[in-house]
Amino acid sequence: SPSIGYDFIHLDDDKYIVENPTVSGGFSGAAVQAAWTESTESYWAPLLWMSFMLDVELFGLEPWGFHLVNVLLFSLNAGLLFWLVRRWTGRTGVALAVALLWALHPARVESVAWVVERKDVLSGLFFLLGLGAYVEGRQGRLRAGVALAWLCMALGGAVKQILIVMPAVLMLLDVWPLARTDWDRLGRDGWRLAREKWAFWALALGLACLPIWFHHQDGRLIAVSVQHRLAMIPIHYLFYFQKMLWPSGLAVLQADMVFQWWMFAGGLGILGGGTWGLWRCRARAPWALMGWLWFVGTLFPLSG
């Protein structure tokens with residue numbers, strides 16, 4: 001909440017909001033059309049731009065209003081996460097612990113205090129709503145719940161394309177809390193569960209292609225070899241794992257990481273050893289394997 005008193009951050013906030021004609025004039029037919037048909041700074045995010053247009057209508061270009069909306073969205077997400085975990089576990093204490101750990105973790109600050117990072121809190125809202133709709137639909141408590149989950153993925157993808165991870169997360173929800181399969185039957189049931197989500201996978205493919213297309217159109221694609229990307233995957237996972245456990249040295253921009261053999265070996269050891277060890281313990285601690293796969297799976301688009 002102290003961020004409500006902050007100014008814009010003159011890194012991207014000015015380019016995306018103050019100097020962005022699609023946003024700075026508030027709602028208009030031309031602005032809405034531009035939000036859906038054009039990209040700003042090679043970024044296609046029509047619902048993000050429209051949320052900023054609404055802020056302009058309500059608060060003008062005063063930064064406190066934009067910060068206030070970010071704080072409210074983040075608070076809403078924390079409450080929604082609490083509700084989902086309580087719904088899935090039936091345990092208020094566990095749900096409260098999960099929601100507080102997520103809400104108070106220092107790595108979450110940037111997504112709230114930096115106005116442009118509303119792409120995180122707004123897409124995250126659609127992500128959590130989609131997970132809830134999917135579970136309620138599969139359990140028969142919400143008609144068209146699966147279709148609503150797909151719609152939430154589409155809306156969230158119109159804010160930030162990171163929602164391409166959603167089909168994989170739905171596969172994890174099929175294991176728990178839905179119990180449509182278990183770890184030992186996942187090899188047999190996996191293809192069936194994946195095939196039934198064809199509409200989610202197709203949407204994920206489309207969302208993945210959008211940023212590549214716009215960066216290509218604007219000449220902003222960075223040439224990085226596939227070999228280098230693959231080699232950096234364990235190193236990036238090591239970076240995120242360290243920031244999760246000991247979140248020091250956080251910054252809006254991180255310097256490019258360089259390949260080092262010890263970091264590669266350490267990251268590979270954590271990925272391989274963690275997955276193997278938790279798989280071996282899947283009968284005694286299925287929750288641990290579930291949490292590990294959430295961490296590894298949802299970070300995969302950022303790992304290369």
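To be clear, the structure that these remarks concern was listed above.
### Details of helix α8 (residues 118-138)
Helix length check: α8 (21 residues) gives 30 Å between terminal C-alpha atoms against 30 Å at 1.5 Å per residue, within 8%. By the criterion of burial, α8 is predominantly enclosed, with 18 of the 21 residues buried. Just downstream of α8 lies Gly140, where phi reads positive at about 80 degrees.

### Some remarks on the packing of helix α13 (residues 226-245) against helix α14 (residues 261-280)
For the pair α13 and α14, the least separation of the axes is 7 Å and the interaxial angle reads 75 degrees. Comparing their axes, α14 and α13 come out roughly perpendicular. Between α13, through Ala231, Pro234, Ile235, Tyr237, Leu238 and Phe241, and α14, the contact on the second element is made entirely by Met263, Phe264, Gly267, Leu268, Ile270 and Leu271. Classifying every residue of the contact of α13 with α14 by side-chain character gives 11 nonpolar, 1 polar and no charged.

### Details of unusual backbone geometry
With an omega of 15 degrees, the peptide bond running from Trp176 to Pro177 counts as cis. Position of Pro177 relative to the elements: it lies in the loop between α10 (166-175) and α11 (186-195). We note that Ser42 has phi near 65 degrees; this positive angle belongs to a residue other than glycine. Mapped onto the elements, Ser42 comes out in the loop between α3 (29-37) and α4 (46-59). One non-glycine residue, Ala144, lies in positive phi territory at about 60 degrees. Among the structural elements, Ala144 can be located in the loop between α8 and α9 (145-157).

Rules and cut-offs
Along every chain, residues carry numbers that run from 1 in the direction the sequence is written. Totals for whole chains, interfaces and linings use every residue, but because this is a predicted model, local features are given only for residues with pLDDT of at least 70 and side-chain atom pairs only at 80 or more, for both listing and counting. Hydrogens and water molecules were not included; the side-chain quantities draw on all heavy atoms of the structure. Helix numbering and strand numbering both begin at the N terminus, where a helix is a DSSP run of H or I of at least 4 residues and a strand a DSSP run of E of at least 2. Multiply 1.5 Å by the residue count of a helix minus one, and that product is the helix's expected span. Residue exposure (1.4 Å probe, protein chains only): buried if accessible area is under 20% of the type maximum, exposed if over 50%, otherwise partly exposed. Axis geometry follows a simple rule: fit a line to the C-alpha atoms, using only the stretch in contact for helices, then measure angles between N-to-C directions, giving values from 0 to 180 degrees. Should an angle fall under 35 degrees it is taken as roughly parallel, and over 145 as roughly antiparallel, whereas 65 to 115 is taken as roughly perpendicular and any remaining angle as oblique. When checking whether two residues touch, look at their non-hydrogen atoms; a contact exists if any pair is within 4.5 Å. Nonpolar residues are Ala, Val, Leu, Ile, Met, Phe, Trp, Tyr, Cys and Pro. Charged residues are Asp, Glu, Lys and Arg, and all others, Gly as well, are polar.

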